[in-house]
Amino acid sequence: MLFFRAEPDRAPWAKARPPDARRRAPLLGLAPGGFSHCLLQVVRRLILSSIVQSESSYLNSLKRILQEYQKPLLEPQNWILNPKKVRHIFYRLQEIHQCHSMFQIALASRVAEWDHSETIGDLFVASFSKSMVLEVYSDYINNFTNAMTLIKKACMSKPAFLDFLKKKQASSPDRITLYGLMVKPIQRFPQFILLLQDMLKNTPKIHNDRLPLQLALTELETLAEKLNEQKRLADQEAEIQQLAHSVGDRNLSKLLNSGQRQLIQCELLTEIVYGDEGQVLKSKERKVFLLNDTLICANVNLKGPPDISSLVPVGPQYTVKWCAPLLQTQVVEVGQDIVTWVLSIMLRCDLECASCVSGKVFLGSSRLYQELEELQHDMAVVQEVSLLVGTLHGTYQNLNTTVSQDWCLALQRLIRLKVEEIQNANKCHLRLSIPGKPDKSGRPGSIVVVFKTPSPLSKISWVNRLHLAKIAHRQENPPGWECAEEDVKTKAHFSYPLLTCKLPVFSSMTHSLKLEAALHSPSQSSLLGFCIASTSLPQGYLWVAGGGSGFNHQVEIFSLNRATPRLVKTVPLRAPVLCLEYVKEPCPSTEEREAEKAQSAAQRGNIICVGLQDGSICVYSSVDTAVHCLSTLVNPDGCPVLCIKHSPSFLFAGLADGKVAVYHRRAGGELWDVDSCRLVSVGSEPVCSLLTFEDAVWASCASRVNVIQGSSLHTRSFTAHSDAGCSVSHMIRSGGGVWMAFTQGSSIHLFHTETLEPLQEVNISTHTAHLTPGQVCVSSLLICQGLLWVGTSQGIIVTFPVPTLEGIPKITGKGMTSLNAHCGPVDLLVSTSSALASDLLKRDSILNSSEEGANREAEGGKGDEGGAAPPPREEKPKRLLLQYRLHSTCQLPGKLLSVQPAQGTHRPPPESLVHSQGFSIYEVCEDPDVWLRGRPVEWGKEGQVRCNKVTSTAVFSGGRGHRWIGQTSSPGPCSASTDNTLLVWQLPLTLSQ
């Protein structure tokens, strides 16, 4: 994403941060409240100064391009280039300069009256919401790649032009090249966004500038996203054209130039060829291109002359080495069978299965492979020693059957760590099986190519993109969405949510149960292989609840730890389920008391509240597939619980009689107090929807929404719809706004979270031709990854792009309609999201990191004793303590077997892991605790684990059956109209650092 990488021009205000000013408060003689208000005023003024300075610097850069480059090149006496080419290079820069000159004038006027108004957000909205701004910036960005190409060609063919650029750069005080100046318009709006985010953070909620700043963020984010997408398309087109010119095969070149190929991902990778024992034979850098139906590998031929490369980016030339059809390309998971073998050791403690690992193929360093072979040999030897020890007639303290069995267990642990170390090395190796030449019998052959990626994140991205690109070719995604013509041209099929599978629910009782609610209970599984974790749905379990007539009331739990969900458990209940709520535990602090609380929470598992029709709330603890009811909350009136939401201190339940039940958390952060229920009446109609804001809750009753403060139960309300017969049925929040749907009509309304005023109204039926106006209503709402999902009573799903920052989630683009629909209303929409396990992103070995940490601790501890340097001693080769379960052998019967004579009756304390005799068999200890069962592996500090985050996201829609509403014939079989069905959409992984 090019647009969100730029940093703002940090001016002097960056040095005057609130914490520094807060420490000077006593010197100013201000009360805490007055200080806070004055401080915010000062910070806002400094941010305004930074905006002014940044805009002035930007205008000077634009002026330099026009005055120092364009103007001289257009003068008749300096016709180095054709004037037509000069105008093409600097296309639309004059209009961009005019737009920002007008903005600078308005900005100066706003600064002059700052003491009276203190508003800036409305100025940004008025200046950059005009269609002219999007038009001129779009033209400039679409032309940017061509402009750089013209400059590169002119530098190579016109020495005078190259000298002109060199002289201009040398004479400038900052030595910025023409490219450095021309890229500034691309970075301008991200700089504005960062500055406005700082301004919004320092603007009180009651300030007049609060809502205008949020609207300004919305406008700028929308504009930046559109420009960023156009820049991506321009770069993609340039890459494909560059590749097409390098292809020797005319048919492939024709396909690339046909406009039907879309570039999904390309990156410089290192191709590695390994020997039979894992040694590297050769490696070379390749450029790998993933298109929507082809995978291409090309040699990179660098580059242009150095003097030109320093002035303007010079793209490389490619020579295609091979290309393979996407559907015939497979990602090969390395070492997954080894993981299964290690787990069998852990679960069965089978001492004889160590030999089965021999003959496996590993990728990576030959040293690691050799060390694994040595451990396997040692394991076989220790097993033989264990058998011989069993034949001893004497009794010895540290040489008996118990100790020898402990050696075997410790060696199994070492083998497991070595396998993990090899897998860590493989986390940066992408192994692909591509079609090869047929063998002598005519059977199709295949070859395996191995690429080393820059990081585990890169491999995860490749594996995931390959997986989604294949899903895009399935019958359900031909494409599966209908959108405006301009969007069809700008987006690849895989950039839309892709229908992964159709899942039947409550198949044995379809007619009696109706889908009421669903939620995601996240749970990371360390048993998944690297590639499986990169392509599977968000890890964890999906709870699906059904309600209706009859006596069969239950919750079905599906495992999401594979590409296709699988039913793993059914939980029967005494009454129909109406709602579900996943309770996220608050993050513990570093204090010991909080750590104990976190430990108890981990043992308790995920907390899930189930609201029943009989008025009770069952609080369940869920650890994987194990479900245990911890407590049951009952409201005094026994009214059905229609909706549940929680905050850090309270649990809110919306009841059918127009009341909200409020439960307090117990002391110490435990579950809610059963006897703390307080009822708040908000009307006579059912409370259909709840939405929490910290410790407050919005509760909808009929056409009004009530805001309840959890601690004081103070209530205020506002009218959400002018028609009293239109009850609020759904509420969903994003940024500074809340979208609401109603029981009647096809319109959704947007409200501001702070002023409660309406901001936007959208009629869903006017955005798609598949809905019947006047006969449709909204049945479900969801916001996920910048998309507002709207489920309708006719089974059709429509999505709209919405901003994702702190602004207002206004609908700013045209909707997309899913051509995969339900036969009845869309009963539910639920998003599932989870971060991949942090160990998947770690490249270093567990064993080495643990040993290094232990060595550092040991050295630090020795340095503190007595303050004297330790005496020099002869370095010994590193050896490991083969001890797994035993903390000490001193308690075992028999004498100590050692080459040193016994020294009286002295024995080490029971806690000691090393005998005092210098040459005992347990002499060496690097960090023995790491080999003890139950000791978690240290992965580093919390901040280090969180530096890389990979998030997997999927969306589930629930309703009756499945049907195809496209103009073409149905691409596949549809479900019966009476079956409860979940449609599963998978989204690309999001990578962040």
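Preceding this paragraph is the structure being described.
Nothing here was measured: the structure is a model prediction, and the numbers come from that model.

S.K.: Help me out: how do you make sense of the overall build of the protein chain in this one?
M.R.: When its secondary structure is counted, the protein chain shows 23 helices and 38 strands. The proportion of buried residues among the 993 residues of the protein chain is 50%.

S.K.: What should I look at first to understand the side chain of Ser386 in this one?
M.R.: Mapped onto the fold, Ser386 is located in helix H16 (residues 366-389). Take Ser386: its relative accessible area is 15%, and that puts it in the buried class. When sequence neighbours within four positions are dropped, the list of residues in contact with Ser386 reads Ser404, Gln405 and Cys408.

S.K.: Any chance you could explain the sheet that holds strand S11 (residues 540-547) here in plain terms?
M.R.: Strand pairing within a sheet occurs via backbone hydrogen bonds; the two strands may be parallel or antiparallel. Sheet architecture is open: 4 strands sit in the order S10-S11-S12-S13, paired in antiparallel fashion. Looking at the sheet topology across the chains shown, the edges are occupied by strand S10 (514-522) and strand S13 (566-573). Across the sheet, the mean angle from the axis of one strand to that of its neighbour is 20°, orientation sign disregarded. Sheet analysis places S10 next to S11, joined by 8 bridges and oriented antiparallel. Bridge assignment links Pro522 to a residue of S11, and that residue is Gly540.

S.K.: Looking at this structure, I do not really get the sheet that holds strand S29 (residues 758-763). What am I missing?
M.R.: Across the sheet, 4 strands lie side by side as S26-S27-S28-S29; this open sheet has antiparallel pairing. Among the strands making up the open sheet, the edge pair consists of strand S26 (728-734) and S29. Across the sheet, the mean angle separating the axes of adjacent strands is 20° when strand polarity is ignored. Bridge analysis of S26 against strand S27 (residues 737-742) gives 6 bridges, and the strand direction is antiparallel. Looking across to S27, one finds that Ser734 is bridged to Gly737.

S.K.: For this particular structure, what's the right way to read unusual backbone geometry?
M.R.: Note: most peptide bonds trans; most residues except glycine with negative phi. Located in the positive-phi region is Glu118, a residue other than glycine, with phi close to 55°. Of note, Glu118 is situated in the loop between helix H6 (114-117) and helix H7 (121-128). Glu118 gets classed as buried once you look at its relative accessible area, which sits at 14%. For Leu713, which is not glycine, the phi torsion reads 60° and is therefore positive. Note on placement: Leu713 falls in the loop between strand S24 (704-709) and strand S25 (715-719).

S.K.: In this structure, what is going on with the nonpolar core? I would like to understand it.
M.R.: Within soluble globular proteins, side chains that are nonpolar generally end up buried alongside one another. In terms of nonpolar packing, the biggest core is built from 63 residues, with Phe90, Ile120, Phe124, Ile151, Leu165, Met182 and Phe189 touching the most fellow members. In contact with Leu165, other than residues within four places in its own chain, are Tyr69, Ile151, Cys155, Leu178 and Leu311. Among the nonpolar cores identified, the runner-up in size contains 25 residues, and Leu750, Ile764, Val790 and Val798 belong to it.

S.K.: Is there a simple way to explain the packing of aromatic side chains in this structure?
M.R.: Two descriptors summarise a pair of aromatic rings, namely the distance from one centre to the other and the angle between the planes of the rings. Throughout the structure, instances matching the rule amount to 22 aromatic pairs. Centroid distance Phe124 to Phe128: 6.0 Å. Interplanar angle 35°. Geometry classified as tilted. Placement of the pair is Phe124 and Phe128 together in helix H7, with a separation of 4 residues, close to one helical turn. Since its relative accessible area comes to 1%, Phe124 is described here as buried. Relative to Phe652, the ring of Phe650 has its centre 6.0 Å away and its plane inclined at 40°; by these criteria the two rings are tilted. Of the two residues examined, Phe650 and Phe652, each falls in the buried class. By way of ring pairs, the aromatic residues Phe103, Phe124, Phe128, Tyr137, Phe189 and Phe192 are connected into one cluster.

S.K.: Would you mind going over the pairing of strand S15 (residues 606-612) with me for this structure?
M.R.: In summary, the side chains of a regular strand alternate between the two faces of the sheet. Of all 7 residues that make up S15, 7 are buried, and the element is covered over most of its length. Across the two faces of S15 the burial is the same, with Asn606, Ile608, Val610 and Leu612 and Ile607, Cys609 and Gly611 all buried. Where strand S14 (residues 577-583) meets S15, 6 bridges bridge the pair, whose relative direction is antiparallel. Paired with Val583 across the bridge in S15 is Ile607.

S.K.: Can you help me understand the pairing of strand S16 (residues 616-623) in this one?
M.R.: Across the 8 residues that make up S16, a large majority, 7, are buried. Here 6 bridges tie S15 to S16, and the two strands are oriented antiparallel to one another. What sits directly across from Gly611, in S16, is Ile617. Remark: 3 residues form the turn of the hairpin made by S15 and S16, two consecutive strands paired antiparallel; Gly615 in that turn has positive phi of roughly 95°. By the bridge criterion, 8 bridges tie S16 to strand S17 (residues 626-634) in an arrangement that is antiparallel.

S.K.: Looking at this structure, how should I read the packing of helix H11 (residues 184-201) against helix H12 (residues 210-246)?
M.R.: Axis angle and axis distance: for two packed helices, these are the angle between their axes and the distance between the axes, and together they describe the pair. Two elements in contact, H11 and H12, have axes whose closest approach is 9 Å; the angle formed by their N-to-C orientations is 155°. Here H12 runs roughly antiparallel to H11, going by the angle between their axes. Both H11 and H12 take part in a crossing whose hand is left-handed. Residue-level contacts link Ile186, Phe189, Phe192, Ile193, Leu196, Gln197, Met199 and Leu200 of H11 to Arg210, Leu213, Gln214, Ala216, Leu217, Leu220, Glu221, Leu223, Ala224, Leu227 and Lys231 of H12. The residue inventory of the contact of H11 with H12, partitioned by class, reads 14 nonpolar, 2 polar and 3 charged.

S.K.: Help me understand the packing of helix H8 (residues 131-157) against H12, please; the structure alone is not making it clear to me.
M.R.: Following both chains from N to C, one finds H8 and H12 inclined at 20°, their axes separated by 8 Å at the closest point. Relative to H12, the element H8 is oriented roughly parallel. The two elements H8 and H12 meet at a crossing, and its hand is right-handed. Contacts between H8 and H12 involve Val133, Leu134, Tyr137, Ser138, Ile141, Asn142, Phe144 and Thr145 from the first element and Leu223, Lys226, Leu227, Gln230, Lys231, Ala234, Asp235 and Ala238 from the second. Its residues assigned to classes, the contact of H8 with H12 shows 9 nonpolar, 4 polar and 3 charged.

S.K.: I'm lost on the side chain of His749 in this one. Help?
M.R.: With respect to the secondary-structure elements, His749 resides in strand S28 (residues 747-752). The exposure class assigned to His749 is buried, which follows from its relative accessible area of 11%. A polar atom in the side chain of His749 sits 3.4 Å from the side chain of Glu761. If near-sequence neighbours (up to four positions away) are discounted, His749 is found in contact with Ala720, His721, Val738, Trp739, Met740, Phe742, Gln760 and Glu761.

Conventions we followed
- Residues numbered from 1 in each chain as written.
- Predicted model: local features only at pLDDT ≥ 70, side-chain atom pairs only at ≥ 80, totals over all residues.
- Heavy atoms only, no water.
- Helix = DSSP H or I, 4+ residues; strand = E, 2+ residues; numbered from the N terminus.
- Buried < 20%, exposed > 50% of the residue type's maximum accessible area, 1.4 Å probe, protein only.
- Contact = heavy atoms within 4.5 Å.
- Pairing = 2+ DSSP bridges.
- Axes fitted to C-alpha atoms, helices over the stretch in contact; angles between N-to-C directions.
- Core = buried A, V, L, I, M, F, W, Y, C linked by side-chain atoms within 4.5 Å.
- Phe/Tyr/Trp six-rings, centres within 6.5 Å; stacked < 30°, edge-to-face > 60°.
- Parallel < 35°, antiparallel > 145°, perpendicular 65-115°, else oblique.
- Left-handed = near helix turned anticlockwise from the far one by under 90°.
- Nonpolar A, V, L, I, M, F, W, Y, C, P; charged D, E, K, R; others polar.
- Polar contact = N/O pair within 3.5 Å; in protein donor to acceptor, adjacent residues only side chain to side chain.

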